[in-house]
Amino acid sequence: MTAIADLLDQVRNAVAAQRPLCIKGGNSKQYLGREQQGEPVDVSGYSGVVDYQPSELVITVRAGTTLSDMQQVLAQENQVLAGEPPEFDGKATVGGTLACNLSGPSRPWHGSIRDQVLGVRIINGKAEHLRFGGQVMKNVAGYDVSRLQAGAMGTLGILTEVTLKVIPKPESTVSVRRTIGANDSLRVMNEICRRPLPVTGACWYAGDMYIRLSGPVSVIGAAAEQLEGRVLPDDDGFWSRLREMELPFFADAKDLRCISLRSTRDHFSEDADWLIDWRGARRWLAAGGNRDSLDKHVRDAGGELSQVRGAEHGADVFPQRSAVYRQMLLRLKQALDPDGVFNPGRLYSWL
Amino acid sequence: METAVLAAMFREFIDARCVVFADESKRPFECDGLSVYKQLPGLVVMPSTTEQVRKVMRLCCRHKVPVVVRGAGTGLSGGALPHPDGVLLSLARLSKIVEIDPDAGLARVQPGVSNLAISEACAPYGLFYAPDPSSQIACSIGGNVAENAGGVHCLKYGLTVHNVVQLTIVTVEGEIITVGCDGLASAGPDLMALMIGSEGMLGVVTEVTVKLLPQPSHCQVILASFDELESAGDAVSAVIAQGIIPAGFEMMDSYAIRAAEDYVGAGYDTDAAALLLCELDGTEEEVRHCAEQVTAVFQRYCARSIRVSQNEAERLLFWKGRKSAFPAVGRISPDYYCMDGTIPRRMLSRVLSEISRLSGEYGLRVANVFHAGDGNLHPLILFDESQPGELQKAEEFGAEILRICVNAGGCITGEHGVGVEKLAQMLDQFSNEELAQLNAIKDALDPDALLNPGKGVPTLKRCQEYRST
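This one's a predicted model, so the numbers in the text were calculated from it and none came from an experiment.

## Some words on the overall build of chain B
Moving on, step 1. When its secondary structure is counted, chain B shows 17 helices and 18 strands.
Moving on, step 2. Since a compact globule built from 469 residues should have a radius of gyration of about 23 Å, the 23 Å found for chain B is in line with a globular shape.
Moving on, step 3. Counting all 469 residues of chain B, 62% fall into the buried class.
Moving on, step 4. Counted over contacts in chain B with a minimum sequence separation of 6, partners at least 24 positions apart contribute 71%.
Moving on, step 5. Summing over all exposed atoms, chain B offers an accessible surface of approximately 16,400 Å²; the carbon and sulfur share of this is 49%.
Moving on, step 6. Charged side chains of chain B number 39 positive and 59 negative; the gap between the two group centres comes to 3 Å.

## Brief notes about the domain arrangement of chain A
Residues and elements named next belong to chain A.
Moving on, step 1. Each domain of chain A was delimited in the assignment, giving domain 1 (4-168) and domain 2 (172-309).
Moving on, step 2. In this structure, domain 1 and domain 2 have C-alpha centres spaced 27 Å apart.
Moving on, step 3. On the domain 2 side, the residues contacting the 15 residues of domain 1 number 16 residues.
Moving on, step 4. Across the domain 1 to domain 2 interface the summed buried area is about 1,300 Å²; carbon plus sulfur atoms make up 61%.
Moving on, step 5. Ranking the residues of domain 1 by area buried against domain 2 places Tyr31, Pro105 and Trp109 at the top, with a combined share of 46%.

## Concerning helix α4 (residues 115-122) of chain B
Residue and element names in this part refer to chain B.
Moving on, step 1. Those residues of α4 that sit buried are Asn115, Ile118, Ser119 and Cys122. For α4, the buried positions fall inside an angular range of 90° around the axis, keeping them on one side.
Moving on, step 2. For α4, the elements touching its buried residues are β5 (97-101), β6 (106-109), β7 (127-128), α5 (141-147) and β10 (204-211).

## Some words on the nonpolar core
All names here are of chain B.
Moving on, step 1. Counting residues in each nonpolar core, the largest one holds 177 residues, and the members touching the most others are Leu167 and Phe298.
Moving on, step 2. Beyond its immediate chain neighbours, meaning those up to four positions away, phenylalanine 298 contacts Ile222, Ala224, Phe226, Ala235, Val239, Phe249, Leu276, Cys278, Ala303 and Ile306.
Moving on, step 3. Ranked by size, the runner-up nonpolar core spans 32 residues in total, among them Phe29, Met46, Val65 and Val87.

## Examining the sheet that holds strand β12 (residues 218-226) of chain B
Residue and element names in this part refer to chain B.
Moving on, step 1. Strand order in the open sheet formed by seven strands is β15-β12-β14-β13-β17-β18-β16, with antiparallel pairing between adjacent strands. The sheet is open, and its two edges are formed by β15 (305-308) and β16 (335-338), each paired on a single side. Sheet twist, expressed as the average angle between the axes of neighbouring strands with direction ignored, equals 15°.
Moving on, step 2. Bridging between strand β13 (residues 248-253) and strand β14 (residues 274-282) involves six bridges; their strand directions are antiparallel. Bridged to aspartate 253 within β14 is alanine 274.
Moving on, step 3. Along the sheet, helix α11 (residues 312-323) contacts β12, β13, β14, β15 and β17 (366-371); its crossing angle with β12, the most-contacted strand, is approximately 50°.

## Considerations on the side chain of histidine 129 of chain A
Residues and elements named next belong to chain A.
Moving on, step 1. Within the secondary structure layout, histidine 129 lies in strand β7 (residues 129-133).
Moving on, step 2. Of the residues examined, histidine 129 reaches a relative accessible area of 17% and is grouped as buried.
Moving on, step 3. At 3.4 Å, the side chain of histidine 129 and the side chain of arginine 121 are in polar contact.
Moving on, step 4. A polar contact of 2.7 Å, which involves the side chain of histidine 129, links it to the side chain of threonine 160.

What counts as what
Residues numbered from 1 in each chain as written. Chains lettered and ligands numbered in written order. Predicted model: local features only at pLDDT ≥ 70, side-chain atom pairs only at ≥ 80, totals over all residues. Heavy atoms only, no water. Helix = DSSP H or I, 4+ residues; strand = E, 2+ residues; numbered from the N terminus. Rg over C-alpha atoms; globule rule 2.2 N^0.38 Å. Buried < 20%, exposed > 50% of the residue type's maximum accessible area, 1.4 Å probe, protein only. Contact = heavy atoms within 4.5 Å. Areas by Shrake-Rupley, 256 points an atom, 1.4 Å probe, with all protein chains shown as cover. Lys, Arg positive; Asp, Glu negative; His and termini not counted. Charge placed at Lys NZ, Arg CZ, Asp CG, Glu CD. Domains from an automatic or database assignment. Buried area = accessible area lost by both parts, 1.4 Å probe. Arc of directions from axis to C-beta. Core = buried A, V, L, I, M, F, W, Y, C linked by side-chain atoms within 4.5 Å. Pairing = 2+ DSSP bridges. Axes fitted to C-alpha atoms, helices over the stretch in contact; angles between N-to-C directions. Polar contact = N/O pair within 3.5 Å; in protein donor to acceptor, adjacent residues only side chain to side chain.

Have a look at this one:
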């Protein structure tokens, strides 16, 4: 197993030589962000459960632990990490998942991994091994450096240990499918989500709307009866294929864009190829026309557009930011990684 | 800079009545909910638009004037304690609910809106805002963001940080930045989370978009009393081990039970050593299903009595005792000091017996009220400020309790924040390197240390002083 001392040494040497480092876990998220550059720091060998207290609903693992391994440990106690982030063939690590702030179809109800994180240990750009947050549900001492790491893609430090809250595994799930147009599905999904039902998924794909309910059998059975559509006791792996981006929609998309938008915003570019998830708050678009005009449309609606696949070489893929935002991020980068050794250019060309 | 000169500058763009300079008019702002700390500010300014906040910040930044932001002033760690030479920036007049989008389950509000007002405004749509600190009638959403406020429903519904999707911030330089996204996912580091709980030290919040949830169709409380704190604590863990996440799960010790019962007559068992309140919500089937399981667990842990609320009036009555616990304790003691440590639940009986031992040592009574579900303790240390030395003794006792919490694997504050109160205890929780990192983040966003200076994170110099004593 990789030792912390080795990781610290590697950072120290990189700083001394002013050489960029490229942080690697399971290597499952190259599709996200910009190209990696620099000498690899392999965190995947720093793995294993540090502490797990099922009665506290808290687990601490080393960052290189794979999500699947962790979920397996949790499953033995009938628990699960909420938010169902993708496991990518068992390669995704906990550290990488937090660094990319990933989640699955249940995000509107359970949040992303950022919502489960209670504390982290990181190596900063001074090669110091630091601990922030804690092992308890509530902790407001000091700035929230743990959640700041969510989405930073390693640009603000190397995650070495992550403490997460977990939830009891739902007893069962049931899905309801209904044939409906994309536009109408947005209205219906939002209407369903206003009702006090145990919804944990709301997606539109290829002419069908899928609603998922989770909980005790008696509860979801009664809830499913309130929804129009065909009840699918066995969802045929639909939700896991959605989570893992294994539906044909993803496989076929050479140009793939992901839009984060208020769920009630109108449907647009109706002729394009869409997959709508998160009850309308996430909209995937395959090969859909001019990026600039789309970007402007999304921005005007208060949303964010990211290019997931098919970006021009070297281009920025995440939403453009205001000068004030860029300055804030650059200053934070300077505070956590003064020599700029961690994942330069991975998130933005200017970071 | 002379505060009179600054006041004149503010009056050029803010109604003169909202720029407060006279001592007697500044008096209401001298402290927040932790009233043992008092300080008159140099100047109080109450803007009513984001644009006015920007101008205030620009002037203060240019003239290097410290700024302390204040919401409703209900904070319990002295986070809104004014600076003697600075501006107290009250956001109370930014009090509009800008937009409610019931279909998306979002509300966009200004920071001065009270926590409860959001849920009240959304109630006609069958929605509510989940975090509910006990001060929710008075406390403002801006203050909730600054402190990452919790409440009794955190275990199931999360803290403020889990229920906010977007913030508009005015930076120390008076620039506007939006962080987060009402589409749930925002690319890049979570700057919004960094702002939440930063105690007004990294920016000024001028707009908040919160998540609204459907009101559960059913809600029931199970009230159980126990002969021993330990069995009550074990019962809490056992319920959770069953796979049930109650909406609220509260514990009170005998002192708190008796004080609350004397005060509001909620029907609590005053001979018990511990009382549990377990709230379940969801669909009718869900609540019935869980209530049966929880009742069985409480029986297994030898509860003295178990009562399940039969109607809404009874549910509210059961809660009334818990919700009045602080004022109830206030009736039996001239003053009390509320602590806010968190611990892993399994450490509960160990920590409580330590607190009880210290209570004897210090000669100060303690009542314990506890968010049992999420491990957040609120020991209330009873004292009399008019007795020389008692306040200091209470503070020392409180510091000792927080040290016990840290040693038990917990932390010094679950929801009240560090403020001025727990600066020294930050050293129990963080190393010098960690504190230096936190200070570097502060320097990055507020290089002249103008925003709420001297709060939240001890400076390196103070660290050395604390560690050497």
